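The residues making up each chain are set out below.
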Amino acid sequence: MEHTPERPLRVAILISGRGSNMQALAQAVAAEALPVDICTVVSNRADAAGLAWARGQGLPAVALAHRDYPSREAFDAALQAHLDALAPDYILLAGFMRVLGADFVQHFAGRIINIHPSLLPAFPGLHTHQQALAQGVQWHGCTVHFITPVLDHGPIIAQGVVPVRHDDTPDALAARLLPMEHQVFVQTLRWLAQGRVRLLADGRVRVADAPQRAWLGATFFES
Ligand code: GAR
């Protein structure tokens, strides 16, 4: 069913660990009274800290441990059944560290949105902060994008940029980027709730009346 702003947006949030992006999303929904119904929080790890936080907030949170399933396909099928029963408009991958199979992605085509800690298409995969430092880039960032069957690839909805220091460590860079991730993901959720995000036929994204879809961290360094 097509989402219209006349009814609350139903979102499922998938996590694997700490869940700080999920917290930022849930806190924005509460603080701003966004017309968003978080219909489920799912973790593929039962011991994820984010799962405990979500339960503490009274959010419907479930563990669906991938280790309990004999194959990737079996896990994907169980996740798909759980989500289909709830009929979310969007599935937000907020630090979900499990690759989803092509059938799953196809089933929810145009409805799965991921946050990735790099300026895609640079640095897909793991250890993105380390990759950025190894390449000597001076700007790093995060990307919120629709997912396709190709890992860390797909139509870009919004990006956030932070500067890289010459003496950065992966941890320091990650810590500088994290608040930017929260800002960009929350802004995306606001747009989704307002029904303003359109996937174009050419594979790009248009956000109605949003000329700015990138944010620059306001930190400048002395030379
Ligand atoms: C975030 O930095 C997110 O961008 C990244 O995992 C972290 C989860 O933190 N996601 C990926 O690397 C996906 N490929 P959080 O659990 O505190 O939101």
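Refer to the structure above for everything that follows.
Reference entry: report on the structure contained in this document. Everything numeric in this text was worked out from a predicted model, so none of it was measured.

1. Here's the deal with the overall build of the protein
No. 1: Counting its regular elements, the protein contains 6 helices and 10 strands.
No. 2: Relative to the compact-globule value of 17 Å for 223 residues, the protein shows a C-alpha radius of gyration of 17 Å, a close match.
No. 3: If you line up the protein on its principal axes, its C-alpha atoms span 55 × 40 × 35 Å.
No. 4: Across the 223 residues that make up the protein, the buried fraction comes to 47%.
No. 5: Of the contacts made within the protein by residues no fewer than 6 positions apart, 62% connect residues no fewer than 24 positions apart.
No. 6: Carbon and sulfur atoms make up 54% of the accessible area of the protein, which amounts to about 11,100 Å² in all.
No. 7: For the protein, the separation between the mean place of its 17 positive charges and that of its 19 negative charges on side chains is 1 Å.

2. Considering the environment of His66
No. 1: With respect to the element layout, His66 can be found in the loop between strand 3 (61-63) and helix 3 (72-86).
No. 2: Separated by 56 residues in sequence, His66 and Ala122 place their C-alpha atoms 28 Å apart.
No. 3: Leaving out residues up to four positions away in the same chain, His66 has contacts with Asn44, Arg45, Phe75 and Arg98.

3. Side note on the environment of Leu119
No. 1: Tracing the backbone shows Leu119 in the loop between strand 5 (112-116) and helix 5 (128-135).
No. 2: Relative accessible area serves as the criterion here: at 21%, Leu119 is assigned to the partly exposed category.
No. 3: Residues Leu119 and Gly160, spaced 41 residues apart in sequence, show a C-alpha to C-alpha distance of 7.9 Å.

4. Here we look at the site of the ligand
No. 1: The ligand sits among Arg18, Gly19, Ser20, Asn21, Gly95, Met97, Ile115, His116, Pro117 and Glu181.
No. 2: At 2.7 Å from an oxygen atom of the ligand is found a main-chain nitrogen or oxygen belonging to Gly19.
No. 3: Between the ligand and Glu181 there is a distance of 2.7 Å, counted from an oxygen atom to a side-chain nitrogen or oxygen.
No. 4: Here the ligand loses 87% of its free accessible area of 450 Å² to cover by the protein chains.
No. 5: For the shell around the ligand, the elements supplying multiple residues, two or more each, are helix 1 (20-31) and strand 5.
No. 6: Class assignment of the residues belonging to the shell around the ligand gives a composition of 3 nonpolar, 5 polar and 2 charged.

5. Thoughts on the side chain of Thr143
No. 1: Looking at where Thr143 falls in the secondary structure, it is placed in strand 6 (residues 139-146).
No. 2: Of the polar contacts made by the side chain of Thr143, one reaches the side chain of Gln159; its length is 2.9 Å.
No. 3: Apart from residues lying up to four places away in sequence, Thr143 is in contact with Asn114, Ile115, His116, Ser118, Leu119, Leu120, Ile156, Ala158 and Gln159.

6. With respect to the nonpolar core
No. 1: Residues Val36, Ile38, Val41, Leu92, Ile113, Ile157 and Leu189 are the most contacted members of the largest nonpolar core, which totals 49 residues.
No. 2: Among the elements that take part in this core, helix 6 (residues 170-193) stands out by supplying 10 residues, more than any other.
No. 3: Every residue in contact with Leu92, bar those within four places of it in the chain, is listed here: Val11, Ala12, Ile13, Leu14, Leu25, Ile113, Phe185, Leu189 and Leu192.

7. Some remarks on helix 6
No. 1: With 24 residues, helix 6 should cover 34 Å at 1.5 Å per step; its first-to-last C-alpha distance of 34 Å lies within 8% of that length.
No. 2: At Leu177, helix 6 shows its maximal bend, which comes to roughly 30 degrees, and the proline Pro179 appears one to four places after that position.
No. 3: Immediately downstream of helix 6, the backbone of Gly195 shows phi near 65 degrees, a positive value.

8. Remarks on the packing of helix 5 against helix 6
No. 1: Where helix 5 contacts helix 6, the axes come no closer than 9 Å and their chain directions differ by 115 degrees. In terms of axis orientation, helix 5 runs roughly perpendicular to helix 6. In the crossing of helix 5 with helix 6, the sense of the turn from one axis to the other is right-handed. For the pair helix 5 and helix 6, the contacting residues are His129, Gln130, Ala132 and Leu133 in the first and Pro170, Leu173, Ala174 and Leu177 in the second.
No. 2: By residue class, the composition of the contact of helix 5 with helix 6 is 6 nonpolar, 2 polar and no charged.

9. Overview of the packing of helix 1 against helix 6
No. 1: Orientation of helix 1 relative to helix 6, taken along the N-to-C sense of each, is 45 degrees, at an axis distance of 9 Å. If you check the angle between helix 1 and helix 6, you find them oblique. The hand of the helix 1/helix 6 crossing is right-handed. Together, Ser20, Asn21, Ala24, Leu25, Ala28 and Val29 of helix 1 and Leu178, Glu181, His182, Phe185, Val186 and Leu189 of helix 6 make up the contact between the two elements.
No. 2: Looking at the contact of helix 1 with helix 6 residue by residue, the class counts come to 8 nonpolar, 3 polar and 1 charged.

Parameters at a glance
Starting from 1, residues in each chain are numbered consecutively following that chain's sequence as written. In view of the model being predicted, local features appear only for residues whose pLDDT reaches at least 70, and side-chain atom pairs are presented and counted only at 80 or more, with totals across whole chains, interfaces and linings using the full set of residues. As a rule here, side-chain values cover all heavy atoms of the structure and leave hydrogens and water aside. Counting from the N terminus, the helices are the DSSP runs of H or I reaching at least four residues and the strands are the DSSP runs of E reaching at least two. When we talk radius of gyration, it's over C-alpha atoms, and the globule rule is simply 2.2 Å times the number of residues to the 0.38. Burial classification: accessible surface area is computed with a 1.4 Å probe over protein chains only, and a residue below 20% of its type maximum counts as buried, one above 50% as exposed, and the rest as partly exposed. The contact rule is simple, with two residues in contact once any of their heavy atoms fall within 4.5 Å. With residues, only the protein chains shown are counted as cover, and all accessible areas are computed by Shrake-Rupley using a 1.4 Å probe. Counting rule applied: Lys, Arg positive; Asp, Glu negative; His and chain ends not counted. Lysine's charge is taken at NZ, arginine's at CZ, aspartate's at CG and glutamate's at CD. Each residue is tested against the molecule or strand, and it is near if at least one of its non-hydrogen atoms lies within 4 Å. Any N or O atom pair separated by 3.5 Å or less is treated as a polar contact, with the protein-specific requirement of one donor-capable and one acceptor-capable atom, and with residues adjacent in sequence counted only for side-chain atom pairs. Amino acid classes used here: Ala, Val, Leu, Ile, Met, Phe, Trp, Tyr, Cys and Pro are nonpolar; Asp, Glu, Lys and Arg are charged; the rest, including Gly, are polar. Only buried Ala, Val, Leu, Ile, Met, Phe, Trp, Tyr and Cys residues count toward a nonpolar core, and they belong to the same one when joined by side-chain atoms within 4.5 Å. For a helix, the expected span equals 1.5 Å multiplied by the residue count minus one. The bend reported for a residue corresponds to the angle between axes fitted to the seven residues ending at that residue and the seven starting there. Only the stretch in contact is used when fitting a helix axis, every axis being a line fitted to C-alpha atoms; angles between N-to-C directions are given from 0 to 180 degrees. Should an angle fall under 35 degrees it is called roughly parallel, over 145 degrees roughly antiparallel, and 65 to 115 degrees roughly perpendicular, with every other angle called oblique. Should the near helix be turned counterclockwise from the far one by less than a right angle, the crossing is left-handed, whereas a clockwise turn marks it as right-handed.

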